[in-house]
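The primary structure of each chain is shown beneath.
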Amino acid sequence: MPPNLTNRYPSIESLRQRARQRIPFFAWEYVDSGTGNGGCMRRNQEALESVTLVPHYIKGVFQPDTSTSLFDVDYNVPFGVSPVGLTALMWPRAERILAKAAADHRFPYTLSTAATEAPETIGPLTNGMGWFQLYPPRDPKIRRDLLLRAKDNGFTTLLVTADVPVAGRRERQVQAGVTVPPRVTPLMLWRSAIRPAWAFATLKSGIPRFRGLEKYLDGRDMRDMLTFIGQELGGSLDWEYLQAVRQEWEGPIALKGVIDVEEAERAVSIGYDGIMVSNHGGRQFDGSPAAISVLPSIVSAVGDRTAILFDSGVRGGLDIARALALGADFVLLGRAFMYGVSALGDRGGDHVARILKDDLVNNMTQLGCRSLSELASRLPKTT
Ligand code: FNR
């Protein structure tokens, strides 16, 4: 990592602070906020912080091995990028920057259905490590077409998001004037103008558009798009629907947004290869338990039959180690990567990857763990 970046931005929190100064207020509120009072978002991080691990120091000289494999793909590290929609609002071309950094470092990048780039553009950049996230369309023809486009463009793994039965009430976002289509007000123009790097990059790349969905509409009118997203991609899921998606997708598939043990069991029983324990980073339901607090019960119910993925609140290598120690097979991060790109533009994805890997290796060394599978044995003994 270039020495100046290492010293100036050694942590995800330092990138978060920089991002706040570099992007307009409405974009900042979009990425940084949760729903309600932000209680769930806080709980996610506090509960992670409260997980302690016991270091073993007398282990000789060794270099920790962070490599792992998931669904028959080898990765250099046990973490990846969670799907994030309206991505270019936070930084133009963010999907390209992150997909490329992920491929360079050999970890997965997940493209959201609601991203601002299409699967055709991003798939080829992922070098066989791209995952696709499905916001379930009501029209089965659109669903099948999206899945086909994902597969044809090299995405290997599908995440089906379950935890958006209705759009989250994000009060901070509403107050900051985050609307789709964007409402251009003098205040918004002022807020953009005082963030010249963002404004310049956005002028160059154009106003964010939902490029992956434009095919299903006549034209690109943002107002039509909003109606389309509300009517076509919204709403609750049922088990028949999830079964249909299972049958239509040939590769590995995971259900994202699982907090309940019984729902995890049912998803496994209909053939889901992975359960992603997540509360959407506290953006949907403010009363949800911290995702890390339900991880152990879901691991003990289905962890022997399915892969366990985890996100929500992860801000560093130590958090990754904590989730792995509690039984996750793989950990994803949403905001951490977005803070990096918002703070550093083209260099952001690479810098976040380096921080996370370096922090994970450092903490594994403290713990005396040569491999990821040893992390579970560092949980404090309860007797
Ligand atoms: C998200 N998330 C999300 N999830 C999803 O399935 N599809 C999506 O389009 C989005 N969009 C989105 C936008 C933004 C700005 C954020 C911050 C998050 C949720 C995301 O995939 C992930 O679950 C959380 O970000 C995890 O929490 P942390 O890592 O941000 O704490």
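This section reports on the structure supplied with the text. For every chain, the first residue of its written sequence is number 1, and the numbers climb from 1 along that sequence. With pLDDT at 70 or above as the cut-off, local features in this predicted model cover only qualifying residues; side-chain atom pairs require 80 or more to be listed or tallied, and sums for whole chains, interfaces and linings still use all residues. Processing note: side-chain calculations cover all non-hydrogen atoms of the structure and skip hydrogens and water entirely.

**Some thoughts on the site of the ligand**
Spelled out, the test is: In this text, near means that some heavy atom of the residue lies within 4 Å of the molecule or strand in question. Counted as a polar contact is a pair of N or O atoms within 3.5 Å, where, for protein atoms, one must be capable of donating a hydrogen and the other of accepting one, and residues adjacent in sequence contribute only when both atoms are in side chains. Calculation of accessible area relied on Shrake-Rupley with a 1.4 Å probe; when residues are assessed, cover is drawn exclusively from the protein chains displayed. Residues are grouped as follows: Ala, Val, Leu, Ile, Met, Phe, Trp, Tyr, Cys and Pro are nonpolar; Asp, Glu, Lys and Arg are charged; all remaining types, including Gly, are polar.
If you check the shell around the ligand, you find 22 residues, and the closest are Pro83, Ser112, Thr161, Asp311 and Gly313. A distance of 3.0 Å separates a nitrogen atom of the ligand from a polar atom in the backbone of Gly85. Here the ligand loses 98% of its free accessible area of 590 Å² to cover by the protein chains. Classifying every residue of the shell around the ligand gives 6 nonpolar, 11 polar and 5 charged.

**Some words on the nonpolar core**
Soluble globular proteins tend to bury their nonpolar side chains together. Quick note on the threshold: Nine residue types can take part in a nonpolar core, namely buried Ala, Val, Leu, Ile, Met, Phe, Trp, Tyr and Cys, and a core is a set of them joined through side-chain atoms within 4.5 Å. A 1.4 Å probe rolled over the protein chains alone gives each residue an accessible area, and that area as a share of the maximum for its type sets the label: buried under 20%, exposed over 50%, partly exposed in between. A run of H or I in DSSP becomes a helix once it reaches four residues, and a run of E becomes a strand once it reaches two; helices and strands are each numbered from the N terminus. Contacts are assigned to residue pairs that have any heavy atoms within 4.5 Å of one another.
Counting residues in each nonpolar core, the largest one holds 112 residues, and the members touching the most others are Ile275, Ile292, Leu295 and Phe310. Top element by residues in this core is helix H14 (residues 291-302). It accounts for 8 residues. Ignoring anything within four residues of it in the chain, the contact list for Ile275 reads Ala254, Leu255, Val258, Ala264, Ala267, Val268, Ile298, Val302, Thr306, Ala307, Ile308 and Leu309. Residues Val73, Met129, Leu159 and Phe330 belong to the second largest nonpolar core, which totals 12 residues.

**Regarding the pattern of salt bridges**
Filter applied, for reference: Every case where a carboxyl oxygen of Asp or Glu lies within 4 Å of a side-chain nitrogen of Lys or Arg is listed as a salt bridge.
Using the criterion set out here, one finds 17 salt bridges in the structure. With a closest N to O distance of 3.0 Å, Asp32 and Arg16 form a salt bridge. On the criterion of sequence distance, the pair formed by Asp32 in helix H3 (residues 25-32) and Arg16 in helix H2 (residues 12-22) is long-range, its members being 16 residues apart. The buried category is assigned to Asp32, whose relative accessible area is 6%. Judged by relative accessible area, which is 18%, Arg16 ranks as buried.

**A short note on a negative patch on the surface**
Here is the rule: Without a salt bridge and with relative accessible area above 30%, a residue can belong to a patch; like charges are then joined within 9 Å and nonpolar side chains (Val, Leu, Ile, Met, Phe, Trp, Tyr) within 5 Å. His is not counted, nor are the chain ends, whereas Lys and Arg count as positive and Asp and Glu as negative. Where a charge sits is defined by one atom per residue type, namely NZ (Lys), CZ (Arg), CG (Asp) or CD (Glu).
Taken together, the side chains of Asp260, Glu262, Glu263 and Glu265 define an acidic patch exposed on the protein surface. Considering the arrangement of structural elements, one finds Glu262 in helix H13 (residues 261-269). Judged by its relative accessible area of 61%, Glu262 falls in the exposed class.

**Quick notes on the packing of aromatic side chains**
What counts here: Pairing of aromatic rings covers Phe, Tyr and Trp, the last counted by its six-membered ring, and requires centre-to-centre distances within 6.5 Å; plane angles under 30 degrees mean stacked, over 60 mean edge-to-face, and any other angle means tilted. Only when the NZ of Lys or the CZ of Arg is both within 6 Å of the ring centre and within 35 degrees of the ring normal is a charge said to sit over the ring.
Taken as a whole and assessed by the stated rule, the structure comprises 7 aromatic pairs. Ring geometry for Phe79 and Phe107: centres 5.2 Å apart, planes at 45 degrees, overall tilted. Pair noted here: Phe79 is in strand E3 (residues 79-81) and Phe107 is in the loop between helix H5 (94-105) and strand E4 (109-111), with a separation of 28 residues, a long-range link. Neither residue differs from the other here; Phe79 and Phe107 are each classed as buried. Each member of the aromatic cluster is reached from another via a ring pair, and the members are Tyr75, Trp131 and Phe330. The cationic tip of Arg143 hangs over the ring face of Tyr241; the distance from NZ or CZ to the ring centre is 4.6 Å. When the ring centre of Tyr30 is taken as origin, the NZ or CZ atom of Arg283, which lies over that ring, is 5.2 Å away.

**Let's talk about the side chain of Asp319**
One can find Asp319 in helix H15 (residues 317-325). Within the local environment of Asp319, its side chain forms a polar contact with the backbone nitrogen of Arg315, the two atoms lying 2.9 Å apart. Sequence-distant contacts of Asp319, defined by excluding residues within four places in its chain, comprise Leu48, Gly313 and Val314.

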